[in-house]
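So you can see what is in the structure, the chains are spelled out below.
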Amino acid sequence: MWTLGPIGFTAPWLLAGLLALPILWILLRAVPPAPIRRRFPGVALLLGLSDDENETDKTPWWLLLLRALAIAAAIIGFAGPILNPKPERDGTGPLLVLLDGTWADARDWQTRMTRTEALLEEASRAGRTAAVVVLNDPPQGDLPFQAADAWVQRLPSLEPKPWAPDADALASWTDALEGSFDVFWMSDGLAYPWREDLLGSLEDRGGVTVFESPRPVVALRPAVFADGIVTVTAVRSRTGESGEHTINAHGPDPAGIPRILASGSVTFGAGDAEAEIDLSLPPEVRNRVSRFEIGGARSAGTVTLADDGLRRREVALISGSEDREGLVLLSPTHYLEQALEPTAELIEGTLTDVLLANPDVIVLADVATLAEGETEEVLEWVREGGLLLRFAGPRLAASDVSRTVEDPLLPVRLRAGGRSVGGAMSWGEPKVLRPFSDTSPFFGLSIPQDVTVSAQVMAQPDPTLSERAIASLADGTPLVTRKREGQGQIVLFHVTANAEWSTLPLSGLFVQMLDRLAVSSRAEGRSAEDLAGTTWVPDQILDAFGVVSDAGALPGVAGDVLAEAEPGPDLPPGLYAGEERRIALNVTDAETTLTPAVWPSRIPVEGFAVVQETLLKGTLLSIALGLLLIDIIASLWLSGRLTGPRSAVSAALALALLVPQTHPAAAQGEDEIFAIEATAEVVLAHVVTGDSRLDEVAHAGLRGISQTLFQRTAVEPAEPIAVDLETDEIAFFPFLYWPITQDQPIPSDEAYAKLNRYLRTGGMILFDTRDADVAQFGGSSPNGRKLQLLAAPLDIPPLEPIPPDHVLTRTFYLIQDFPGRHISSDVWVEASRQDAERVEGMPFRNLNDNVTPIVIGGNDWASAWAIDERGNRMFPVGRGFAGERQREIALRFGVNLVMHVLTGNYKSDQVHVPALLDRLGQ
Amino acid sequence: MSEAADLRSHAEDLAGPLPPLLAAADHLASTVLLGEHGRRRAGLGDEFWQYRQAMPGDEARMIDWRRSGRSDVHFVREKEWQAAQSVLLWIDGAQSMGFSSSPKLQSKSERARLLALALSSLLIRGGERVGLTSSEMPPRSGELQLMRLAGALADTAGQEDYGTPEVRGVLPHSRAVFVSDFLGDISGAEAAITKVTDRGVSGAILHILDPQEEAFPFDGRTIFESMGRSVSHETMKAGDLRSRYLERLGERKDRLSSLARATGWQYDCHHTDTPASAALLWLYRSLERVQH
């Protein structure tokens, strides 16, 4: 392909034809147009006349120019010009497509796959072998070069992974590369430490082209909960203009259905890489949040899972002894409060009140006995999953709870008295703790040197004691015992909750032990020491697309591996469940920043917005065709065939050519035709009932009243239109005439919605039951009942029979009854206001401000108004002269009705009163 | 038998064009006048024309005493001139007359024949004698002469391109009507007209032209040919010829009209796209004017 600037030509040798244009010019100029032969008797008068100019009639220069342009356009068109041609890759060696395959790829994964497919197709057209490698999972051994088509089949099996490629594995893979090939690297846009080396070794093998998405990569850091506010930080890789994203908090609602519980929007300022949003959620909502997501982005980086770090346990503190005033440090719950305050909700109150609040943990500090009913309730609560944490104290030691028989609310039987060691009155040193065994939930916690126990209650030796003791002193005496009860557990600390009997509450170990017991829930409990010795099983895992799914049967990981928080193939990101709590491992951590990948300038970096190549061939050929058409017309004109005699044929031919060949029959929609018909003039409409005879009569009736209106008033309606309620737009018509029959179809809901809208916006429907005995609007007649059925879903205001001073009686003619073919006085209109009073001097009350939306009657007006095509009245009305008078009044009613529709209550204006009084007085 | 059949078919052939032509002519004539009129001038005749005062030289027996009794002077009763007159027609039958520029227009010869026959119909109704200037059809009166005229006009289809007026059958002191397009050699027409004027004949020249011949709406490279293809002219730019052609045409019309003025004839130019009744009216009126 030969390119000239932004245009490439697929058959450039055709352009040599352009050289022939000047020769063509000369030829055309020299050849005069062919003569026309004409029979003309007046030729006798022409004999002897000679032409003015001696040279032959030449084709005018502009016609030649036109022809030359047309031919030039045709030549260029056939040369196959392409705007912005895709640069053809002229490599012939094998092709390697590298995909980073991290979570940052996942957002545009489909686009990348499409692009890879296009590359593979190009390669197969050029006959090159290809290989597609995902860096997250490099193939062992040689590069699997195959026919490009085979790789196209395998593309759907490639998937991104939510972790970054391992640098060491990549390095060893890079070293093992052999051969020369061209590389297309679809990078995810983020900087990794191994990129440079890989790029260097790939460049040794052949040309490298990089594809990157121009969109910045966005990720969410884990949510931080502090002081009642959840802070979510979003980071992005490329700073530039400001951008806005929505952050949604997902979680189950009280019924268990996953929903978006809260959302907020975060705005990146121009040039900012980070943006924060504070969400203050009520505790019950916050406890249910399972993850935060950036709306609209699908990758693991934009999803941050919320673990127990967001959840605050509700801890109820109940102490036995009252606070000694002022001696805060001696109060049993002081240290507990200090330990639990930052991370748990503390509830205080009496036991029954506290049970009503259904806390997660109840701490009984030095409480010996509970009332009977309370015991039952507490046991019930424990069985449903509550943790009862009891601390010993003087009261417990002095009571006889659980001495002979194990108390249901104590894990062990206690020996009377307890013991004290290392105190003033005792032998020996205060005891230290023994390292925790591996069955204890405290396993792995390091024990500081200064934790000593000087007094404690003792447990009775029991066969079950060894399994129930989860912390012991150096001599084996249990310090903390636990028993499980139903879904919950009861834990007893054999020391006090304050510093009287031991220094445990003063130490950090106390907080860690509470944490381990899931009394508190700390986000900071993530360090290696905190997690040492624990095993965590993945409960839900996050894939690269940000989809949370059940983990299935994946093996557990050790706590210190989890503490490192490096997602990898053995540590997929997700929610890990330990004994009591869950920890979330996200692809980002609290300090993640996304740095964009920087490529050296010698590497071409393409974005996905590949400039489309446009084929200009079609445009140019159509230009050539157009010019040739103009040329035909111009030649016809020049040779006199367009304007001379018998020009009609040529003119018609020229016109036919001018009409564009590919003229799509722009079918002006029937709706448009209908709308134009309906709105160009005033048009009265009747509703199609399905009974063709009735529709004919209705049409004829409206035609008749239209004629009368035309003759007598300024309203000049056009032919009436039959309206199908389902399909036609009724808003065009001021007035709908609706005759009622038994067999009418009930309109659909959409039709009713249309009708209601029509009535609300000022339309009027005239219901005509056509039987004169529409006794009440309750319908004793079959048509009346049908009317009730039809009008039930309509939004009809209250109705009353036309009062004698309704505006309908005077809008054009002064009439007092409203006959049609029948005479019945029951015509119903919208009810007037109750308090319409007659003003002094006015002959009428001002009843309604607007047009009555409904007129109901049974006098068969259409038949009275109906005229046929010849202008004769179709139906007889009454008999003789009185009948004609009745018809006249029926016509007057029709005129009044239409004038009322079109002018509203204009005739209620005071300005008409003198004229009205005049007329009425006669 | 076959003779009779032949005769009959010949007769029907002959009579073929007559009914339409006659009907058209009658129709046209009836638009001009309904019923019989006199010649509207004083002269020998039956009908009363006017009273005029007696001049010295009038015979005494011509005085109308009843009218004179009502006044002081003597009045003579004049009668309308109802003398039958001979009118001789010449319709150009050359090929150039067969030209019509559009199918919607009649050809010049059709129009000419129509006008001639209509005029004859009017004249014969008025009691005149009508004939053709060729010696085969001397002027006679009566409806039968109308039939004969129709037959004679129907089969004139000349061989030459342009025609010259025939004057062999023109009687002295009669009227003549020449209908042609006069596109051929004008000197022949001039000679004919002056010749008959010397015999005391006056008449009317009706110059029939097609609107295309009048306007010359041609352009571009054209070869013009006459109807009989005997004359042709080629031009590269017909549009340039237009002004000169129109000049020549005007010149010809001027020659004809000055000839008419000089000889006492009437001249009019008629185009086939204008209604025929106008031409007929003019013809009829022109035959009344006498310029002796």
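Residues numbered from 1 in each chain as written. Chains lettered and ligands numbered in written order. Predicted model: local features only at pLDDT ≥ 70, side-chain atom pairs only at ≥ 80, totals over all residues. Heavy atoms only, no water.

Chemist: Please clarify how the overall build of chain B should be interpreted in this entry.
Modeler: Across its full length, chain B carries nine helices and nine strands. Put simply, of all contacts in chain B between residues at least 6 apart along the chain, 73% involve residues at least 24 apart. When the accessible surface of chain B is totalled, it reaches about 14400 Å², and 51% of it is carbon and sulfur. (Helix = DSSP H or I, 4+ residues; strand = E, 2+ residues; numbered from the N terminus. Contact = heavy atoms within 4.5 Å. Areas by Shrake-Rupley, 256 points an atom, 1.4 Å probe, with all protein chains shown as cover.)

Chemist: Please clarify how a negative patch on the surface should be interpreted in this entry.
Modeler: Residues and elements named next belong to chain A. Together, Glu372, Glu376, Glu377, Glu380 and Glu384 give the surface a local cluster of negative charge. Note on placement: Glu377 falls in helix H12 (residues 372–383). Residue class for Glu377 comes out partly exposed when judged on its relative accessible area of 38%. (Patch = residues over 30% accessible without salt bridge, like charges linked within 9 Å, V, L, I, M, F, W, Y side chains within 5 Å. Salt bridge = Lys/Arg side-chain N within 4 Å of Asp/Glu carboxyl O. Lys, Arg positive; Asp, Glu negative; His and termini not counted. Charge placed at Lys NZ, Arg CZ, Asp CG, Glu CD. Buried < 20%, exposed > 50% of the residue type's maximum accessible area, 1.4 Å probe, protein only.)

Chemist: What is the right way to read the interface of chain B and chain A from this model?
Modeler: Interface size is commonly expressed as the accessible area that is lost once the parts come together. Contacts between chain B and chain A engage 33 residues on the former and 28 residues on the latter. Of the roughly 3200 Å² buried where chain B meets chain A, counting both sides, 60% is carbon and sulfur surface. There are one salt bridge connecting chain B and chain A. Between A:Arg37 and B:Glu225 there is a salt bridge whose closest N-O contact spans 2.9 Å. Our count for the contact surface shared by chain B and chain A stands at eleven residue pairs in polar contact (both at pLDDT 80 or more). Every element with two or more residues in the side of chain B that touches chain A is listed here: helix H7 (211–215), strand E7 (222–225), strand E8 (232–235) and helix H8 (238–263) of chain B. Sorting elements by how many residues they give to the side of chain B that touches chain A places H8(B) first, with seven residues. When its residues are assigned to classes, the side of chain B that touches chain A shows 14 nonpolar, eight polar and eleven charged. Pairing of strand E3 (residues 36–39) of chain A with E7(B) involves four bridges; the strand directions are parallel. (Buried area = accessible area lost by both parts, 1.4 Å probe. Polar contact = N/O pair within 3.5 Å; in protein donor to acceptor, adjacent residues only side chain to side chain. Nonpolar A, V, L, I, M, F, W, Y, C, P; charged D, E, K, R; others polar. Pairing = 2+ DSSP bridges.)

Chemist: Can you help me understand the sheet that holds strand E13 (residues 243–252) of chain A in this one?
Modeler: Backbone-to-backbone hydrogen bonds join strands into a sheet, with any given pair of strands oriented parallel or antiparallel. All names here are of chain A. Read from one edge of the open sheet, four strands run E14-E13-E16-E17, paired in antiparallel fashion. Unpaired on one side and paired on the other, strand E14 (258–268) and strand E17 (303–305) mark the two borders of the sheet. Strand-to-strand twist in this sheet, taken as the mean axis angle between neighbours without regard to direction, amounts to 20°. The pairing of E13 with strand E16 (residues 291–294) spans four bridges and is classified as antiparallel. Considered in E16, the bridge of Asn248 is made with Glu293. (Axes fitted to C-alpha atoms, helices over the stretch in contact; angles between N-to-C directions.)

Chemist: Can you help me understand helix H18 (residues 617–638) of chain A in this one?
Modeler: Given 3.6 residues to a turn, an α-helix orients residues that are three or four positions apart in the same direction. The end-to-end C-alpha distance of H18(A), which contains 22 residues, comes to 31 Å, matching closely the 32 Å that a straight helix rising 1.5 Å per residue would cover. Every buried residue of H18(A) is accounted for by A:Leu620, A:Ala624, A:Leu627, A:Leu629, A:Asp631, A:Ile633, A:Ala634 and A:Leu636. (Expected span 1.5 Å × (residues − 1).)

Chemist: What am I meant to see in the confidence of the model for chain B here?
Modeler: A low pLDDT score tells you not to read the predicted coordinates there in detail. Residues and elements named next belong to chain B. Here chain B averages 82 in pLDDT, and 83% of its residues register 70 or above. When mean pLDDT is compared element by element in chain B, strand E9 (residues 266–271) scores highest at 94, while helix H1 (residues 2–15) scores lowest at 59. As scored by the predictor, the complex reaches a pTM of 0.43 and an ipTM of 0.75. (pLDDT = per-residue confidence, 0-100.)

Chemist: Could you clarify how one ought to interpret the packing of aromatic side chains in this entry?
Modeler: Think of a pair of aromatic rings as described by two things: how far the centres are apart, and how the planes are tilted against each other in angle. Taken as a whole, this structure holds 28 aromatic pairs over all chains when the rule is applied. Residues A:Phe812 and A:Tyr813 carry aromatic rings whose centres are separated by 5.0 Å and whose planes lie at 75° to one another, so their mutual orientation is edge-to-face. Looking at A:Tyr813, the relative accessible area reads 16%, which means it is buried. Each member of the aromatic cluster is reached from another via a ring pair, and the members are A:Phe40, B:Phe99, B:Phe216, B:Phe218, B:Phe224 and B:Tyr245. Sitting over the face of the ring of A:Trp151, A:Arg154 holds its NZ or CZ atom 4.1 Å from the ring centroid. The positively charged end of B:Arg67 is found above the aromatic ring belonging to B:Tyr51, 5.8 Å away from the centroid. (Phe/Tyr/Trp six-rings, centres within 6.5 Å; stacked < 30°, edge-to-face > 60°. Lys NZ or Arg CZ within 6 Å of the ring centre and 35° of its normal.)

Chemist: How should the nonpolar core be read in this particular structure?
Modeler: As a rule of thumb, nonpolar side chains are buried together in soluble globular proteins. Residue and element names in this part refer to chain A. In terms of nonpolar packing, the biggest core is built from 57 residues, with Leu96, Leu98, Trp103, Trp173, Trp185 and Leu202 touching the most fellow members. Beyond its immediate sequence surroundings of up to four residues, Leu202 is in contact with Leu96, Leu98, Leu177, Phe181, Val183, Trp185 and Val208. Counting residues in hydrophobic clusters, the runner-up holds 47 residues, among them Leu387, Leu410, Ala497 and Leu514. (Core = buried A, V, L, I, M, F, W, Y, C linked by side-chain atoms within 4.5 Å.)

Chemist: Is there a simple way to think about the pattern of salt bridges in this case?
Modeler: Once the charged atoms of two side chains with opposite charge are near each other, the side chains can pair. Applying the stated criterion across every chain, the model contains 34 salt bridges over all chains. The salt bridge partner of A:Arg128 is A:Asp182, with a shortest N-O separation of 2.8 Å. With A:Arg128 in the loop between helix H5 (109–126) and strand E6 (129–134) and A:Asp182 in strand E8 (residues 182–186), the pair connects residues that are 54 residues apart, well separated along the chain. Look at A:Asp182 and you get partly exposed, because its relative accessible area is 22%. Residue B:Glu213 is joined to B:Lys108 by a salt bridge in which the shortest nitrogen-to-oxygen separation is 2.6 Å. Of this pair, B:Glu213 sits in helix H7 while B:Lys108 sits in helix H4 (residues 108–125), placing them 105 residues apart in sequence. Residue B:Glu213 is classed as buried on the basis of its relative accessible area, which comes to 0%. Taken together, the shared-partner salt bridges in this structure form one network comprising A:Arg37, B:Glu225 and B:Arg229.

Chemist: Looking at this structure, I do not really get the packing of helix H21 (residues 692–712) of chain A against helix H25 (residues 880–903) of chain A. What am I missing?
Modeler: When two helices pack together, their arrangement is given by the angle between their axes and by how far apart the axes lie. Residue and element names in this part refer to chain A. Direction vectors running N to C along H21 and H25 enclose 75°, while the axes themselves pass 10 Å from each other. Of the possible angle classes, the one that applies to H21 and H25 is roughly perpendicular. Listed contacts from H25 to Ile705, Thr708, Leu709 and Arg712 of H21 are Glu888, Leu891, Arg892, Gly894, Val895 and Val898. Looking at the contact of H21 with H25 residue by residue, the classes come out as five nonpolar, two polar and three charged. (Parallel < 35°, antiparallel > 145°, perpendicular 65-115°, else oblique.)

Chemist: Before we go on, may I ask you to explain the pairing of strand E3 (residues 86–91) of chain B in this structure?
Modeler: Every other side chain in a regular strand lies on the same face of the sheet, so the side chains alternate between the two faces. Residues and elements named next belong to chain B. Of all six residues that make up E3, six are buried, and the element is covered over most of its length. The alternating pattern of E3 places Ser86, Leu88 and Trp90 and Val87, Leu89 and Ile91 on opposite faces, both of which are buried. As paired strands, E3 and strand E4 (residues 129–132) are joined by four bridges and run parallel to one another. In the sheet register, Leu89 faces E4, and the bridge partner there is Leu132. For E3 and strand E5 (residues 175–180), the ladder comprises five bridges, and the chain directions are parallel.

Chemist: Help me understand the pairing of strand E32 (residues 574–577) of chain A, please; the structure alone is not making it clear to me.
Modeler: Residue and element names in this part refer to chain A. Across four bridges, the pairing between strand E29 (residues 535–542) and E32 is antiparallel. Paired with Val537 across the two strands is Ala577, which belongs to E32. In this structure, E32 lies alongside strand E33 (residues 582–585), joined through four bridges in antiparallel fashion. Each residue of the ladder has a partner; that of Ala577, found in E33, is Arg582.

Chemist: What is the right way to read unusual backbone geometry from this model?
Modeler: Outside of glycine, negative phi angles account for most residues, and trans bonds account for most peptide bonds. All names here are of chain B. Of note, His173 is a non-glycine position whose phi angle comes to about 60°, a positive value. By secondary structure assignment, the location of His173 is in the loop between helix H5 (143–154) and E5. Unlike most non-glycine residues, Phe216 shows phi in positive territory, near 50°. Examined against the element boundaries, Phe216 turns out to sit in the loop between H7 and E7. Under the relative-accessibility criterion, Phe216 is labelled buried at 0%.

Chemist: Can you walk me through the environment of A:Thr741 in this structure?
Modeler: Residue and element names in this part refer to chain A. Its place among the elements puts Thr741 in the loop between strand E38 (735–739) and helix H22 (749–760). Spatially, the C-alpha atom of Thr741 lies 9.3 Å from that of Asp768, the residues being 27 residues apart in sequence. With residues near it in sequence (within four places) discarded, Thr741 still touches Thr689, Asp691, Leu694, Arg770, Asn783 and Lys786.

Chemist: Would you mind going over the sheet that holds strand E5 (residues 95–99) of chain A with me for this structure?
Modeler: Residue and element names in this part refer to chain A. The six strands are arranged E7-E6-E5-E8-E9-E34 in an open sheet whose pairing can be described as mixed. Looking at the sheet topology across the chains shown, the edges are occupied by strand E7 (146–147) and strand E34 (605–606). In the sheet, E8 pairs with strand E9 (residues 208–211) via four bridges, with the strands oriented parallel. Each bridged residue has a counterpart across the sheet, and for Trp185 the counterpart in E9 is Val210. Sheet contacts for H5: E5, E6, E8, E9 and E34; angle to E5, the most-contacted strand, approximately 175°.

Chemist: Looking at this structure, I do not really get helix H7 (residues 167–175) of chain A. What am I missing?
Modeler: Residue and element names in this part refer to chain A. Among all positions in H7, only Leu170, Trp173 and Thr174 are buried. The buried residues of H7 occupy one face: seen down the axis, they fall within an arc of 100°. Of the exposed residues in H7, those oriented more than 90 degrees away from the buried face are Asp168 and Asp175. The inward-facing, buried residues of H7 contact E5, E6 and helix H8 (195–205). (Arc of directions from axis to C-beta.)

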